[in-house]
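One-letter residues, chain by chain:
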Amino acid sequence: MERAVTVISGSTFVCSVLLFQLIISRVAANSEGDALNALKTSLEDPKHILQSWDATLVNPCTWFHVTCNSENSVTRVDLGNAFLSGQLVSQLGQLPNLQYLQLYGNNISGEIPVELGDLTNLVSLDLYSNKLVGTIPPTLARLSKLRFLRLNNNSLTGTIPLLLTTVKSLQVLELSNNNLTGDIPVNGSFSQFTPISFQNNHFNIITVSPPPPIVPTPPAPSAAEEGPEVHLGELKRFSLRELQVATDAFSNNNILRIGGFGKVYKGRLADGSLVAVKRLKECTQGGELRFQTEVEMISVAVHRNLLRLHGFCMTPMERLLVYPYMANGSVASCLRDRPESQSPLAWPVRKQIALGAARGLAYLHDHCDPKIIHRDVKAANILLDEEFEALVGDFGLAKLMDYKDTHVTTDVRGTIGHIAPEYLSTGKSSEKTDVFGYGVMLLELITGKRAFDLARLANENDAMLLDWVKGLLKDKKLEILVDADMQGNYIDEEVEQLIQVALLCMQDSPMKRPKMSEVVRMLEGDGLAEKWEEWQKADMSREEFTHPDLPNAPWLVDSTSNIPPDELSGPR
């Protein structure tokens, strides 16, 4: 009996493969959608943050607060400060490509599911500031790519699982303000978390056993080269000689940028890694304390959208900070100083930068203790890594604000074109001064122009900056505002939304400006329409945008003062 032979053509075979891949992709999307829907069902959502999580949709990648990769697999769940309560679910372990799970700042109770140990691609687990109980699951030790583990400010009990010391990738461990007992392991990966780090995290009920390792004393420095020995957490202390060699003796050829507080040099360490070395120009009596305060503050502010300090150097005559080198420079340099060989920032990248910078600032305001006010938010201080991810830089020189304080009174510091009116007139800064600067930065991002260049354009028509921008927005004349380098490759509706966020941030009254956490939610698609409609209903007269005592305020126009703009961004 002859056998029937089926011949499949090449094109038919390719179509079959593509169909099979599509089916597999939809099955995966369904599985991940089911897992996230199980989470939604288990949570109370009074602010309707999860309204877009529609169980009837095949692909959860269309939901707000969910990010997917090119294969439509979930990589991020961002639900920080979302007013959620309820409990976590075991189905969260069914998100195989999840890298970031951010559920901090809610009222979530119950235990941490052991199934989170199945998230083998997880990089950051942020469950802090909730009402979680029970023990830390030892299964988290299976997360071989985990870099950030933040479980602080909960009601966790039991001991720290010894298996966690085997997670070699772990960089940040936050377990403070729980009810943990027992010993702090000091072996394995935990050896990088020195007793100073734990002390800063307020471990009051945990004993340290075995005794903390003794930090070796380096060789005695030569005369007038090295200052008093200082060890701050896990930061590396560099010798002056190391940084001189790395920067070719601080050669002018290696200058990356010059600011009011000093110069930043490109350097290459002995191991071949590239760094950016900030050489502070002030070294006066009492500077040691200010420098140490800055270093301590920077070292505990860790977020994926903050530029993290790598190390420091301190001598009687020098104060230096060492950061990772940012291959793509700053937003300002990409907008205005890019070489012809480099493509302009595409619109999706600009949206990504806006959201990343907002997340970084929200962390400084809401999750640092004491909170950190940047006071010089601008495109030049938003750095870009290899993937054009935004990292807020230069926040280490900001004034600290205690939770009990409502403002800080000091000399005005900042950059012309970015200074909030109330700060310029009174010297009182708050989170809302940063919000104003962020709004100006958004306009820089959209237009590609400097802040005072925009103001000058507005003044040609005898109009204030915000009135001018609002008028163009109302008349749908976006082409006048949008950076010509994008050559029209942007989505009008998205540009309008970003301009709306900028205008809400730049309102004259600090009380009317949103918090940065609210800005994050608006950029993620939640609440902007309501805020914008509310603002449009208000009678926003021109006087609201002009301080009565400062008709020519330099936050709107270029200053005719002899003080260079960068001088205002000096010591803070």
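Definitions and cut-offs
- Residues numbered from 1 in each chain as written.
- Predicted model: local features only at pLDDT ≥ 70, side-chain atom pairs only at ≥ 80, totals over all residues.
- Heavy atoms only, no water.
- Salt bridge = Lys/Arg side-chain N within 4 Å of Asp/Glu carboxyl O.
- Helix = DSSP H or I, 4+ residues; strand = E, 2+ residues; numbered from the N terminus.
- pLDDT = per-residue confidence, 0-100.
- Contact = heavy atoms within 4.5 Å.
- Phe/Tyr/Trp six-rings, centres within 6.5 Å; stacked < 30°, edge-to-face > 60°.
- Buried < 20%, exposed > 50% of the residue type's maximum accessible area, 1.4 Å probe, protein only.
- Lys NZ or Arg CZ within 6 Å of the ring centre and 35° of its normal.
- Core = buried A, V, L, I, M, F, W, Y, C linked by side-chain atoms within 4.5 Å.

Asker: Quick question: what am I supposed to make of the pattern of salt bridges here?
Answerer: Oppositely charged side chains are able to pair whenever their charged atoms sit close together. Summed over the entire model, instances satisfying the criterion amount to 18 salt bridges. In this structure, the salt-bridge partner of arginine 359 is aspartate 78, at a minimum N-O distance of 3.2 Å. Here arginine 359, found in helix H6 (residues 347-366), pairs with aspartate 78, found in strand S3 (residues 74-78); they are 281 residues apart in sequence, far enough to count as distant. A cluster of three or more residues bridged by salt bridges with shared partners is formed by Arg76, Asp78, Arg359 and Glu524.

Asker: Explain the confidence of the model for the chain here, please?
Answerer: Any residue range with low pLDDT should be treated as having predicted coordinates unsuitable for detailed reading. This prediction gives the chain a mean pLDDT of 76; 69% of its residues lie at or above 70. The low-confidence segment residues 1-28 (pLDDT under 50) makes 4 contacts with residues lying over four places distant or belonging to another chain. Low pLDDT (under 50) marks residues 545-572, which in the prediction has 72 contacts with non-local residues, meaning those over four places away or in another chain.

Asker: Mind showing me how you'd approach the packing of aromatic side chains here?
Answerer: Following the criterion strictly, the structure yields 3 aromatic pairs and no others. Relative to tryptophan 63, the ring of tryptophan 53 lies with its centre 5.3 Å away and its plane at 25 degrees, an arrangement referred to as stacked. Placement of tryptophan 53 in the loop between strand S1 (43-44) and strand S2 (66-68) and of tryptophan 63 in the loop between S1 and S2 is noted, with a sequence separation of 10 residues between them. According to the relative accessible area criterion, tryptophan 63 is buried, its value standing at 3%. Arranged with centres 5.3 Å apart and planes meeting at 65 degrees, the rings of phenylalanine 250 and tyrosine 265 form a pair that is edge-to-face. In this pair, phenylalanine 250 sits in the loop between helix H3 (240-246) and strand S14 (255-259) while tyrosine 265 sits in strand S15 (residues 262-268), placing the two residues 15 residues apart along the sequence. Given the relative accessible area of 7%, phenylalanine 250 is considered buried. The ring of tyrosine 100 carries the charged tip of arginine 76 above its face, separated from the ring centre by 4.6 Å. Lying over the aromatic face of phenylalanine 250, arginine 279 brings its terminal NZ or CZ to 4.1 Å of the ring centre.

Asker: What is the right way to read the nonpolar core from this model?
Answerer: Nonpolar side chains in soluble globular proteins tend to be buried together. Tyr438 and Ile499 are the most contacted members of the largest nonpolar core, which has 75 residues in total. Those residues within four positions of tyrosine 438 in sequence are excluded, and the remaining contacts are Ala354, Leu355, Ala357, Ala358, Leu361, Val377, Cys505, Met516, Val519 and Leu523. Membership of the second largest hydrophobic core comes to 46 residues, among which are Ala35, Ile108, Ile112 and Leu151.

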